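A structural walkthrough
The lines below spell out each chain.
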2 protein chains.
Amino acid sequence: MADAKIRLYVEHPLGEGQTVPLDRDQAHYLFGVMRRGAGDAVLLFNGRDGEWLATVQDASKRGGVLRADNQTGPQRNPPDLWVLFAPIKKARTDFIVEKAAEMGAARILPVQTDFTNSERIRQDRLQAHAIEAAEQCGGTYVPEVADLQKLDRLLQDWPEDRKLMFCDEALAGATQALGAADSGAWAILIGPEGGFSDAERTRLNALPFAHPVSLGPRILRADTAVVAAMTVWQMAVGDWT
Amino acid sequence: MADAKIRLYVEHPLGEGQTVPLDRDQAHYLFGVMRRGAGDAVLLFNGRDGEWLATVQDASKRGGVLRADNQTGPQRNPPDLWVLFAPIKKARTDFIVEKAAEMGAARILPVQTDFTNSERIRQDRLQAHAIEAAEQCGGTYVPEVADLQKLDRLLQDWPEDRKLMFCDEALAGATQALGAADSGAWAILIGPEGGFSDAERTRLNALPFAHPVSLGPRILRADTAVVAAMTVWQMAVGDWT
């Protein structure tokens, strides 16, 4: 794996012969940390134009320029799936974002529930984790990580055609199976470590677009539940079929 | 959640009125770190006798004694599922063990493949992660974490009635769906970060007990793949149905 090409997310448009400037952080990573230099090949993606093989034209500590040579892969977007979760301890929150990006979330929305401890998140750091997940796992799409918002406000303004798969450990047994008929826009909501409050549970159960789903007989940590829930969804109505 | 009872794994038999000695590490955790003392209640499980409410009888820095008062939950064992994985970087290997225990593995077997970097593992540390996962997630069963062994040797001595679900990113599309007819003893094999070697892939595909399964169109890290694969299995032939 020593020769594996570096994959780098850039915001710049990509096309044949396109020059792509690097910012200071990217230059530091590529030339400083990874020891690449002029003439070396790098894979680029920007979340819109697929994957491109590029050549380093110019390398300095403060920046650099690459040139996109040819497209090596098409743009691949995930299904229209939002992932809502309540932030927990730092490392596990990072993990949730990484896993949601890997598993094919289109958007990641941290939400504050009645039992969420976090008052704020580092949106920029979480976004960086989503980018890194795409870089490491061969993805061409980077889900946007939204700012922290209150769950009840988000549900007030909920787009009526977006179904909500809501995973509640108190549901054990009441699983509602998803089928191919349930295609379209979706969101998955992962509860906080302390579970949902009674008020939240009542409200969620009453929502016309909510589909309660059980994740088996064991209690799962939130970071495990994200992967398990996305697997259930991807198999039933996502792009695993 | 401040009043949530501590759950502690012990090796001692549990039954009504049974006294349970604590070792030095457990005493340090319970009395030193968690500040519990004589008269306080703790939940105990030993992987065989269910969950018990116990009272601290005697607390000292070097040990202690609890008394089991009454059973608070039955013993719940997972399905007969082994999880085989190739160790990767330390933190992610810890994570794989934690997640496998949470998701209901009966046994966890680290294996050396052609592209595995690790020559050895800290079996005791990994076992401690499996115990902690059960303590934290309300489980009453702790999967044994085996010592590192070579995959090809393990396959030589493979029990012929144990099916093997093997997850290979090179399979994309060739998914073999599991059905209820596939009940019985199983193992899941998660490939190493560098994938399987050609020789391994050829051998795995030729095994009469192997079921190749795809985990969707995206490349997943090994720790993500463990949770996704166990979800697929638990839904199809495990105890999620």
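Residues numbered from 1 in each chain as written. Chains lettered and ligands numbered in written order. Predicted model: local features only at pLDDT ≥ 70, side-chain atom pairs only at ≥ 80, totals over all residues. Heavy atoms only, no water.

**Quick notes on unusual backbone geometry**
The phi dihedral of Arg35 of chain A falls on the positive side, at around 60°, and the residue is not glycine. Here Arg35 of chain A lies in the loop between helix H1 (24-33) and strand S3 (41-45). (Helix = DSSP H or I, 4+ residues; strand = E, 2+ residues; numbered from the N terminus.)

**Comments concerning the interface of chain B and chain A**
With 32 residues of chain B at the contact, the number on the chain A side is 32 residues. Surface buried jointly by chain B and chain A totals about 2600 Å² across both partners, of which 57% is contributed by carbon and sulfur atoms. Broken down residue by residue, the surface that chain B buries against chain A is led by Arg218, Arg221 and Trp240 of chain B, which jointly contribute 25%. On inspection of chain B and its partner chain A, the count reaches ten salt bridges. One salt bridge connects Arg221 of chain B with Glu102 of chain A, and the closest N-O pair in it is separated by 3.3 Å. Taken together, the links from chain B to chain A amount to 16 residue pairs in polar contact (both at pLDDT 80 or more). Of all elements in the fold, only helix H2 (90-102), helix H3 (123-136) and helix H6 (222-236) of chain B reach the threshold of two or more residues within the side of chain B that touches chain A. Of all the elements, H6 of chain B adds the most residues to the side of chain B that touches chain A, at eight residues. In terms of residue class, the side of chain B that touches chain A is built from 16 nonpolar, seven polar and nine charged. (Contact = heavy atoms within 4.5 Å. Buried area = accessible area lost by both parts, 1.4 Å probe. Salt bridge = Lys/Arg side-chain N within 4 Å of Asp/Glu carboxyl O. Polar contact = N/O pair within 3.5 Å; in protein donor to acceptor, adjacent residues only side chain to side chain. Nonpolar A, V, L, I, M, F, W, Y, C, P; charged D, E, K, R; others polar.)

**What to know about the relation of the copies chain B and chain A**
When chain B is brought onto chain A, the operation consists of a screw motion whose angular component is 180° and whose axial shift is 0.0 Å, with 0.0 Å RMSD remaining. Taken together, the rotation angle and the small translation identify this as a two-fold axis. Taken together, the interface assignments show that 100% of the residues at the interface of chain B recur at the interface of chain A, consistent with an identical surface on both copies. (Least-squares fit on C-alpha atoms with pLDDT ≥ 70 in both.)

**Brief notes about the pattern of salt bridges**
Under the definition given, this model contains 32 salt bridges over all chains. The residue Asp239 of chain B makes a salt bridge to Arg218 of chain A at a minimum N-O spacing of 2.7 Å. With Asp239 of chain B in the segment after H6 and Arg218 of chain A in the loop between strand S12 (210-213) and helix H6 (222-236), the pair connects residues from two separate chains. When salt bridges with common partners are traced through the structure, they connect Arg92, Arg221 and Asp223 of chain A together with Glu98, Lys99 and Glu102 of chain B into a single cluster.

**Focus: the nonpolar core**
Counting residues in hydrophobic clusters, the biggest one holds 84 residues, and the most contacted among them are Met165 of chain A together with Met165 of chain B. In contact with Met165 of chain A, other than residues within four places in its own chain, are Leu178, Trp186, Ala187, Ile188, Leu189, His211, Val213, Ala229, Val232 and Trp233 of chain A. (Core = buried A, V, L, I, M, F, W, Y, C linked by side-chain atoms within 4.5 Å. Buried < 20%, exposed > 50% of the residue type's maximum accessible area, 1.4 Å probe, protein only.)

**Structural notes on the domain arrangement of chain A**
All names here are of chain A. Assigned domains of chain A: these are domain 1 (7-73) and domain 2 (81-236). Centre-to-centre separation of domain 1 and domain 2, based on C-alpha positions: 33 Å. At the interface, eight residues of domain 1 touch eight residues of domain 2. Summed over both sides, the interface of domain 1 with domain 2 buries roughly 640 Å², with 62% coming from carbon and sulfur. Interface area lost by domain 1 to domain 2 is led by Arg7, Tyr9 and Phe45, which between them contribute 72%. Where domain 1 meets domain 2, there are zero salt bridges. The interface formed by domain 1 and domain 2 includes six residue pairs in polar contact (both at pLDDT 80 or more). (Domains from an automatic or database assignment.)

**Brief notes about the sheet that holds strand S4 (residues 51-60) of chain B**
All names here are of chain B. One open sheet holds the five strands; their spatial order is S1-S3-S4-S5-S2, and the pairing between them is mixed. Where the open sheet ends on each side, the last strands, each with one partner, are strand S1 (7-9) and strand S2 (19-22). The average angle at which neighbouring strand axes cross in this sheet is 40°, direction not considered. For S1 and strand S3 (residues 41-45), the ladder comprises three bridges, and the chain directions are parallel. Looking across to S3, one finds that Tyr9 is bridged to Phe45. Helix-sheet contacts for H3 involve S1 and S3, and the interaxial angle to S1 is about 145°. (Pairing = 2+ DSSP bridges. Axes fitted to C-alpha atoms, helices over the stretch in contact; angles between N-to-C directions.)

**Points about the pairing of S4 of chain B**
All names here are of chain B. Looking at chain direction, S3 and S4 are connected through five bridges and run antiparallel. What sits directly across from Phe45, in S4, is Glu51. Connecting the antiparallel pair S3 and S4 is a turn made up of five residues, with Gly47 showing a positive phi of about 85°. Pairing of S4 with strand S5 (residues 63-73), which is carried by nine bridges, proceeds in the antiparallel orientation. Bridge pairing in S5 places Val56 opposite Leu66. Counting the residues between successive antiparallel strands, the hairpin from S4 to S5 contains two residues.

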